[in-house]
Amino acid sequence: MELPRIITELPGPRARAVIERDSQVVSPSYTRRYPLVARKGQGAIIEDVDGNRFLDFTAGIAVVATGHCHPRVVDAIQRQAARLIHMSGTDFYYEEMADLAEKLAAIAPGGGARRVYFGNSGTEAVEAAMKLARHATGREKFIAFYGAFHGRTMGSLSLTASRQIQKKGFGTLLGGVYHAPFANPYRSGKAPAECAAEALNYIEDTLFRMVLPPHEVAAIVVEPIQGESGYVVPPPEFLSGLREIVDRNGILLIADEVQSGMGRTGRWWACEHFDLAPDIITVAKGISSGMPLSATIARAEIMQWAPGAHASTFGGNPVSIAAALETIALLEGGMIANAARMGRHLMDRFRSWPERYPHVGDVRGIGLMIGIEIVKDQKSRERAPELREQIGDLAFERGLVLLGAGPNSLRLSPPLCITEEQADFAADTLEECLRITSRT
Ligand code: PLP
């Protein structure tokens, strides 16, 4: 199961039947972009109910870091499920929770003693980080960034500023959350240092001077590489400048690595590419190859809350933890290095695309976190969301599954185990799609 194979029209008959049933009973709030009804997966290949095989360049939204159903992860899950499925780390101990906390504390960016809180999803990791920041500082307010996605529960949704549909109709969210521009080099059109300075100035010259006393701010929450807004890589000066702002004002820095973490960028954390040492980091998605698990990792002196202050019945489930420990072993055992290698290989192929294809405005990313921004034309840089969708559809028909990110970017976030042959298939397919759209 190395490369795609499309054997029916899409969707095939079985897929159509499932989609019809699903449409009657499942919440319509999900954004299913493709009629892909998954039945099984192996590595970077996903097979649908009609036997069509696709190359999964989404990894189930950047989740299956070690690929679908890696035999070692499956084995770890099965062995743990046969031994102990649940006991609740909220009220009892089990060895695996200490094992994983030790491991995460050891690999967390910045060094020093760390403590770890376990949840089940990215949004829970962010909620925990927000509560912890308030608890540790005695301050109430937060700064987040336009374009940010931090989750959909009420606290994390207050930080999220990605698409208004995510907030529409849900009423007043958490008070005291302020948004600032994220340093986006392509969109600003300025030199990186200038782009960073402009974004940082907004915090100090506008927010702090006019509306937000800095000593009331508990934390600045930032994705080191913005995920849902299009895999936007900021200039390093932006993140180092944020660190300086928080240090000057007794504010905590929360790095949301839910999407960028766990080796996706070719290092454990995106923060490492910028020498950024956050006070708290949030981790989920890739941590356990598809089992629900998240972690909020904080400097030990910050995570000083009393028993009962925060907990979750399922958080740190033993089966999810077993999957995480095996995932980490596989990532360390070569998959992070593969992500770096395959990321370089893909970027070598993509680098010239803005010169060769009129609709490719920008290609950016680190490791296997690559965004391709689709525009009407190079000069105007006008966003082309419909064209992005058209390219995604053409790729899907050819057996390559991609997700969009932001209004007009394609997101490439394959499992970290992809082979060079699979990377080339994805690049060849995308080129074919771009050639088709260039002609129209
Ligand atoms: N934070 C970031 C950076 C994310 O990309 C996401 C999900 O895409 C979340 C938080 C929320 O994670 P979840 O959907 O697991 O709640």
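As shown above, the structure is provided for reference.
Predicted model, so just to flag it, every value in this text is computed and none were measured.

Parameters at a glance
- Along each chain, residues carry numbers from 1 onward, in the same order as the chain's sequence is written.
- The predicted nature of this model means local features are confined to residues of pLDDT at least 70 and side-chain atom pairs, given and counted, to a pLDDT of 80 or more, with totals for whole chains, interfaces and linings taken over all residues.
- Excluding hydrogens and water, the side-chain figures rest on all heavy atoms present in the structure.
- Runs of H or I in DSSP of at least four residues are treated as helices and runs of E of at least two as strands, each being numbered from the N terminus.
- Relative accessibility under 20% of the residue-type maximum defines a buried residue, over 50% an exposed one, and the middle range a partly exposed one, all with a 1.4 Å probe and only protein chains included.
- Any pair of N or O atoms that falls within 3.5 Å is considered a polar contact. Within protein, one atom must be able to donate a hydrogen and the other to accept it, and sequence-neighbouring residues count only if both atoms are side-chain atoms.
- Residues are said to line a cavity or pocket when one of their atoms sits within 4 Å of a point; the points come from a 1 Å grid over protein atoms alone, cavities being sets where a 1.4 Å probe fits but cannot get out and pockets being open sets with protein on both sides within 12 Å along at least five of seven lines.
- Grid points are joined across faces, edges and corners, and a volume is the space filled by probe spheres set on the points.
- Put simply, Ala, Val, Leu, Ile, Met, Phe, Trp, Tyr, Cys and Pro go in the nonpolar bin, Asp, Glu, Lys and Arg in the charged bin, and everything else, Gly too, in the polar bin.
- Segmentation of the chain into domains, including their bounds, is taken from an automatic or database domain assignment.
- Throughout this document, a residue counts as near a molecule or strand when at least one of its heavy atoms sits within 4 Å of that molecule or strand.
- Strands were regarded as paired on the criterion that DSSP finds at least two bridges between them.
- What makes a nonpolar core is a set of buried Ala, Val, Leu, Ile, Met, Phe, Trp, Tyr and Cys residues whose side-chain atoms join them at distances within 4.5 Å.
- Contact criterion: two residues are considered in contact whenever any of their non-hydrogen atoms come within 4.5 Å of each other.
- One side-chain nitrogen of Lys or Arg within 4 Å of one carboxyl oxygen of Asp or Glu is enough to make a salt bridge.

**Brief notes about the environment of Arg 356**
The residue Arg 356 is located in helix 11 (residues 353-356) in this model. Under the relative-accessibility criterion, Arg 356 is labelled partly exposed at 45%. Counting along the chain gives 82 residues from Arg 356 to Ser 438, while the straight-line C-alpha distance between them is 9.8 Å. Engagement of the side chain of Arg 356 in a polar contact is seen with the side chain of Ser 352, the distance being 3.0 Å.

**Quick look at empty space enclosed by the protein**
The final tally for this structure, using the stated rule, is three cavities of 30 Å³ or more. Surrounding the largest cavity, Ala 62, Val 63, Ala 65, Gln 259, Gly 261, Met 262, Arg 264, Gly 286 and Leu 416 form its lining. Of the residues in the lining of the largest cavity, the class split is five nonpolar, three polar and one charged. Of the domains in this structure, domain 1 (13-69 + 335-439) and domain 2 (72-331) are the two that each give at least three residues to the lining of the largest cavity.

**Examining the site of the ligand**
Residues in close proximity to the ligand include Ser 121, Gly 122, Thr 123, Phe 149, His 150, Gly 151, Glu 223, Glu 228, Asp 256, Val 258, Gln 259 and Lys 285, which together make up its full environment. One nitrogen or oxygen atom from the main chain of Phe 149 is found 3.4 Å from a nitrogen atom belonging to the ligand. At 3.1 Å from an oxygen atom of the ligand is found a side-chain nitrogen or oxygen belonging to Lys 285. Residues that form the shell around the ligand fall into these classes: two nonpolar, six polar and four charged.

**Considerations on the layout of surface pockets**
If you add up the space inside the second largest pocket, you get close to 850 Å³. Surrounding the second largest pocket, 26 residues form its lining, Gly 89, Met 97, Arg 115, Val 116 and Tyr 117 being those nearest its centre. Of all the secondary-structure elements, those providing two or more residues to the lining of the second largest pocket are helix 4 (95-107) and strand 4 (114-119). Ranked by residue count, the leading element in the lining of the second largest pocket is strand 4, at five residues. Classifying every residue of the lining of the second largest pocket by side-chain character gives 16 nonpolar, seven polar and three charged.

**Quick look at the sheet that holds strand 3 (residues 53-56)**
Ordered by their spatial adjacency, four strands build an open sheet running 1-2-3-13, and the pairing between neighbours is mixed. On the outer flanks of this sheet lie strand 1 (38-42) and strand 13 (400-401), each paired with one strand and no other. Across two bridges, strand 3 lies against strand 13 in parallel orientation. If you follow Asp 56 over to strand 13, its bridge partner there is Val 401.

**Focus on the nonpolar core**
In terms of nonpolar packing, the biggest core is built from 103 residues, with Leu 104, Phe 238, Leu 242, Phe 350 and Ile 372 touching the most fellow members. Sorting elements by how many residues they give to this core places helix 10 (residues 318-350) first, with 13 residues. Counting contributing residues per domain, this core is built from domain 1 (13-69 + 335-439) and domain 2 (72-331), each supplying no fewer than three. Sequence-distant contacts of Phe 238, that is, excluding residues within four places in its chain, are made with Phe 145, Pro 181, Phe 182, Ala 183, Ala 196, Ala 199, Leu 200 and Val 222.

**What about the pattern of salt bridges?**
With the rule as written, the count across this model stands at 31 salt bridges. Salt-bridge contacts for Glu 332 lead to Lys 103; the nearest nitrogen and oxygen are separated by 2.7 Å. Highlighted residues: Glu 332 in helix 10 and Lys 103 in helix 4, separated in sequence by 229 residues. Note on Glu 332: relative accessible area 44%, which makes it partly exposed. The partly exposed category is assigned to Lys 103, whose relative accessible area is 26%. Residue Glu 228 is joined to Arg 411 by a salt bridge in which the shortest nitrogen-to-oxygen separation is 2.7 Å. Pair noted here: Glu 228 is in the loop between strand 7 (217-222) and helix 9 (236-249) and Arg 411 is in strand 15 (residues 409-412), with a separation of 183 residues, a long-range link. A relative accessible area of 4% means that Arg 411 is categorised as buried.

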